[in-house]
Amino acid sequence: EAQVTQNPRYLITVTGKKLTVTCSQNMNHEYMSWYRQDPGLGLRQIYYSMNVEVTDKGDVPEGYKVSRKEKRNFPLILESPSPNQTSLYFCASSLRGGVFGNQPQHFGDGTRLSIL
Amino acid sequence: DAKTTQPNSMESNEEEPVHLPCNHSTISGTDYIHWYRQLPSQGPEYVIHGLTSNVNNRMASLAIAEDRKSSTLILHRATLRDAAVYYCILRDRGWGNAGNMLTFGGGTRLMVKP
């Protein structure tokens, strides 16, 4: 089954303790992206990747890192989490970046992070 | 970026058609109109998209006004499973992230009554 898988689904942790949220897709998609969703603010893009080894900042990248060493995986890294990063996070992918960008995006089911 | 305006909420009865409106008066010639929905406790889900002509797929129909300044998502027979927040989003046809990033507004919360 075609899907985007995020882990963990839920995490409660403390300020400053490094964490990684994994994202994996099995559709051979080139484009991958991370969003956070907060009440009243909608979904905001954190980072995106047009293809392997090509990443760039979205609208709200501060406090986050990403890497894209393989096409299927796009982990989100919080080196020193802070309470303002408490949010619901979604990973998304689509077949192509670039001029083929108007293709449906597939989302994972989300990761709810609480940072105390 | 061109923005969209949707009603905050709508109600429907099960088994009846639902018309969800979206206004996008500042749409550019290179913008596609996309619809996504988000069910409770799930990630957004692609529904349909179009450019100028009306579109149909297994989930819904999209009716686009001739001047492209508004569109309507049509669910032909609402079910309880269709209760979700529906987002109308404009996406640029252009190169790079502009053509891929989704900018979600507030959306329309659809409630379906049995």
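Here, every reference points to the structure presented above.
Here the structure is a predicted model, which means the values were calculated and not measured.

## Things to note about the packing of aromatic side chains
Under the counting rule described, the total for this entry stands at nine aromatic pairs over all chains. On the numbers, 6.2 Å between centres and 80° between planes, the contact of phenylalanine 107 of chain A with tyrosine 36 of chain B is edge-to-face. Of this pair, phenylalanine 107 of chain A sits in strand E10 (residues 106-107) while tyrosine 36 of chain B sits in strand E3 (residues 31-38), placing the two residues on different chains. You can call tyrosine 36 of chain B buried: its relative accessible area is 0%. Ring pairs connect the aromatic residues Tyr35 and Phe107 of chain A together with Tyr36, Tyr46, Tyr87 and Phe104 of chain B, which therefore count as one cluster.

## Re the pairing of strand E9 (residues 108-113) of chain B
All names here are of chain B. Burial of the side chains of E9 is restricted to one face: Thr108, Leu110 and Val112 are buried, whereas none of Arg109, Met111 and Lys113 on the reverse face is. As paired strands, strand E8 (residues 84-92) and E9 are joined by three bridges and run antiparallel to one another. Bridged to tyrosine 86 within E9 is threonine 108.

## Notes on the nonpolar core
The biggest cluster of nonpolar side chains holds 21 residues, and the ones touching the most others in it are Leu20, Ile33, Trp35, Leu73, Leu75, Tyr86 and Leu110 of chain B. Looking at this core, the elements with two or more residues in it are strand E2 (18-23), E3, strand E4 (45-50), strand E6 (61-64), strand E7 (70-75), E8 and E9 of chain B. Dropping the residues within four chain positions of it, leucine 20 of chain B is found in contact with Met10, Trp35, Ser71, Thr72, Leu73, Tyr86, Thr108 and Leu110 of chain B. In terms of nonpolar packing, the next biggest core, distinct from the first, is built from 19 residues, Val4, Met27, Tyr47 and Leu78 of chain A among them.

## Structural notes on the interface of chain B and chain A
The parts lose accessible area when they come together, and the size of an interface is often stated as this lost area. Taken together, the contacts link 23 residues of chain B with 24 residues of chain A. Together chain B and chain A conceal approximately 1800 Å² of surface at their shared face, both sides included; 51% is due to carbon and sulfur atoms. Where chain B packs against chain A, one counts zero salt bridges. Viewed at the interface, chain A and chain B are joined by four residue pairs in polar contact (both at pLDDT 80 or more). For the side of chain B that touches chain A, the elements supplying multiple residues, two or more each, are E3, E4 and E8 of chain B. Top element by residues in the side of chain B that touches chain A is E3 of chain B. It accounts for four residues.

## Quick look at unusual backbone geometry
For the bond running from asparagine 7 of chain A to proline 8 of chain A, omega is -5°, close enough to zero to count as cis. Within the secondary structure layout, proline 8 of chain A lies in the loop between strand E1 (4-7) and strand E2 (10-13). Despite not being glycine, glutamate 53 of chain A has its phi angle at roughly 65°, a positive value. Judged by relative accessible area, which is 60%, glutamate 53 of chain A ranks as exposed. One non-glycine residue, arginine 68 of chain B, lies in the positive phi region at around 65°.

## Details of the pattern of salt bridges
Residues and elements named next belong to chain A. By the definition in use, this model includes eight salt bridges over all chains. Notably, a salt bridge pairs lysine 65 with glutamate 79, separated by 2.9 Å at the nearest N-O pair. Remark: glutamate 79 occurs in the loop between strand E8 (76-78) and strand E9 (87-94) and lysine 65 occurs in strand E7 (residues 65-66); sequence separation between them is 14 residues.

## Comments concerning the sheet that holds E7 of chain B
Residues and elements named next belong to chain B. Spatial ordering of the open sheet is given by E2-E7-E6-E5, a layout of four strands whose pairing is antiparallel. Edge positions in the open sheet fall to E2 and strand E5 (55-56), since each of these has one partner strand only. The sheet contact formed by E6 and E7 spans four bridges and is antiparallel. Counted as the bridge partner of isoleucine 64 is serine 71 from E7.

So, how was this worked out
- Starting afresh in each chain, residues are numbered from 1 along the sequence in its written order.
- Numbering of ligands from 1 and lettering of chains from A proceed in the order in which they are written.
- The predicted nature of this model means local features are confined to residues of pLDDT at least 70 and side-chain atom pairs, given and counted, to a pLDDT of 80 or more, with totals for whole chains, interfaces and linings taken over all residues.
- Excluded from the side-chain calculations are hydrogens and water; all other atoms, namely the structure's heavy atoms, are used.
- Stacked, tilted and edge-to-face are the three classes applied to pairs of Phe, Tyr and Trp rings, where Trp contributes its six-membered ring and a pair requires centres within 6.5 Å; stacked means planes under 30 degrees apart, edge-to-face means over 60, and tilted covers the rest.
- Secondary structure follows DSSP: runs of H or I at least 4 residues long count as helices, runs of E at least 2 residues long count as strands, and numbering of each begins at the N terminus.
- Exposure categories follow from relative accessible area, calculated using a 1.4 Å probe and restricted to protein chains: below 20% of the type maximum is buried, above 50% is exposed, and the middle band is partly exposed.
- Should DSSP find at least two bridges between two strands, the strands are regarded as paired.
- Put simply, a nonpolar core is a bunch of buried Ala, Val, Leu, Ile, Met, Phe, Trp, Tyr and Cys residues held in one set by side-chain atoms that sit within 4.5 Å of each other.
- For this analysis, residues touch if any pair of their heavy atoms sits within 4.5 Å.
- A simple way to read buried area is as the amount of 1.4 Å-probe accessible surface that goes missing from two parts once joined, with both sides added.
- The salt bridge definition used is simple: a Lys or Arg side-chain nitrogen within 4 Å of an Asp or Glu carboxyl oxygen.
- Between N or O atoms, a polar contact is any pair within 3.5 Å; within protein, one atom must be a potential hydrogen donor and the other a potential acceptor, and residues adjacent in sequence are included only when both atoms are from side chains.

These results come straight from atomic positions and should not be treated as a statement about function.
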